[in-house]
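Residue-level structure breakdown
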Amino acid sequence: MSVLLDHLPVIWQGLVVTLQLTVASFLGAAVLGVLVTAMRVSPVGVLRALGTAYVEAFQNLPLLVLLVLAFFGLPEIGIKAEPLVTAIVVISIYEAAYIAEALRSGVNSVGKGQGEAARALGLTFRQSLWYVILPQALRTVVQPLGNIIIALTMNTLLAGAISVVDLTEEAKRINLVEAQPIPIFVGVGLIYALIASGVGFVTGRLERRLVMVR
Amino acid sequence: MIRVRGLNKWFGEHHVLRDIDLHVARGEVVVVIGPSGSGKSTLCRCLNRLETAQQGEVVIDGVPAPLEGRELARLRADVGMVFQSFNLFQHKTVLENITLAPMKVRGVSRPEAERTARELLARVGIGEQAGKLPGQLSGGQQQRAAIARALAMRPKVMLFDEPTSALDPEMVGEVLDVMTGLAADGMTMVVVTHEMGFARRAADRVVFMADGQIVEQGAPAAFFDRPQTDRARDFLAKVLTH
Ligand SMILES: Nc1ncnc2c1ncn2[C@@H]1O[C@H](COP(=O)(O)OP(=O)(O)O)[C@@H](O)[C@H]1O
Ligand SMILES: [Mg+2]
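This structure is a prediction, so every number in the text was calculated from the model and none was measured.

Here we come to the confidence of the model for chain B. With 98% of its residues at a pLDDT of at least 70, chain B reaches an overall mean of 93. Interface confidence for the predicted complex, given as ipTM, is 0.92, next to a pTM of 0.89.

To continue, consider the interface of chain A and chain B. If you look at the interface, chain A gives 20 residues, while chain B gives 26 residues. Where chain A abuts chain B, roughly 2,000 Å² becomes buried across the two surfaces, and 63% of that area is made up of carbon and sulfur atoms. The shortest N-O distance in the salt bridge between Glu116 of chain A and Arg45 of chain B comes to 2.6 Å. The tally of links from chain A across to chain B stands at 8 residue pairs in polar contact (both at pLDDT 80 or more). Considering every element that reaches the side of chain A that touches chain B, the biggest residue donor is helix α6 (residues 112–120) of chain A, with 7 residues. In terms of residue class, the side of chain A that touches chain B is made up of 10 nonpolar, 6 polar and 4 charged.

What follows concerns unusual backbone geometry. All names here are of chain B. Of note, Arg49 is a non-glycine position whose phi angle comes to about 60 degrees, a positive value. If you trace the backbone, Arg49 turns up in the loop between α1 (40–47) and β4 (55–60). Here Arg49 falls in the buried class, since its relative accessible area comes to 17%. For Phe86, which is not glycine, the phi torsion reads 65 degrees and is therefore positive. The exposure class of Phe86 is buried, given its relative accessible area of 12%.

So, how was this worked out
Residues numbered from 1 in each chain as written. Chains lettered and ligands numbered in written order. Predicted model: local features only at pLDDT ≥ 70, side-chain atom pairs only at ≥ 80, totals over all residues. Heavy atoms only, no water. pLDDT = per-residue confidence, 0-100. Contact = heavy atoms within 4.5 Å. Buried area = accessible area lost by both parts, 1.4 Å probe. Salt bridge = Lys/Arg side-chain N within 4 Å of Asp/Glu carboxyl O. Polar contact = N/O pair within 3.5 Å; in protein donor to acceptor, adjacent residues only side chain to side chain. Helix = DSSP H or I, 4+ residues; strand = E, 2+ residues; numbered from the N terminus. Nonpolar A, V, L, I, M, F, W, Y, C, P; charged D, E, K, R; others polar. Buried < 20%, exposed > 50% of the residue type's maximum accessible area, 1.4 Å probe, protein only.

As structure tokens, this is what we get:
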């Protein structure tokens, strides 16, 4: 694996891009996912339908297709963005569907009485959701969310298809020069595994800390 | 304080409230009793619009209950509700449970909200539990915290839906004592309960419901000693002998 060490600066650059993609997409997906969840449990029927349509749509489309469509389609309608930005936006939109699905199962696990008590105190729907329902829902879905983040990390390599040079893309480039696919991709695979186990470790800790006395 | 006129409610085909008329004066304590399934909870929930009735109106302190949005939230802020299952926010300490709504709904500052909360906790006799999570309290303590939470909004009316039904028998008394104290302080209260002793002691009026209707109502002494209807006599015979 010394072949990787020879290219350490490039590998590092790729890793930074992968981490940028992962962190920024996760933040975007989290914000959007909360919004979609709010729509799906809203008292307004139209919003509920829109929220459900969103989740159904993006869970049933391949991320690669969305990336390529956005990459070639957006300039057509006059929107120009860096490939990295395009990738972050598309991955955020895509992963938000999965986060929304996880959050909704969390919301469903929170007793109906919690929301009723909040509303009976005069909190608005939004306040009830934000201060009472979501904090409790989150605690029950730390593990599924962790798995979504790990899947998201792996999915970021699809950004390579729209000319973002992430860790995997750098590995491919090194391989073109060195022609040693096994050590190069084993090494890169280990880096992904390391990120995933980091996420797993953090969510595991978090889950234990957030356990509620019921 | 509360004026209900011609209230009718259906769950699907099921007609659960039939032509309910009910007035509750300021400072009055009304105890609602009746067999299970007679619509007591539904009536209670219609009073702060946790349920919406298809017909009729609910007027709280001269203001017709609005349908939705901020207006409705404001109405609910003025109507305290205590549930059978306490419904304390599980992820918040007792103190946070009590300060949340005053801060977010009334815009009270944190120090003031906490001061009020501590006073109320002392008043319901659980001053030492402020920092605990609901799951660490006994049922009786949780229900007293829930009463304090409702009182923190300085409501005009308090609704209680079977507040002691989920409690172990030895804890019923401590909750009823708090409620009796509130009644004595002049709080306007609507209480659904099976505690006939409390009804006799604290109620100004007893309302007896069956099959979604108010069948009979009157002063507690008169109602318990000389019920006018067969339904009420039947019901009393069953609950008082058990
Ligand atoms: N959310 C609901 N959906 C359908 N039926 C309901 C609902 N809530 C109550 N009911 C029905 O309405 C009737 C009155 O219920 P409820 O008001 O809870 O009675 P009580 O509190 O006097 O026991 C019951 O027959 C009950 O099954
Ligand atoms: Mg009931």
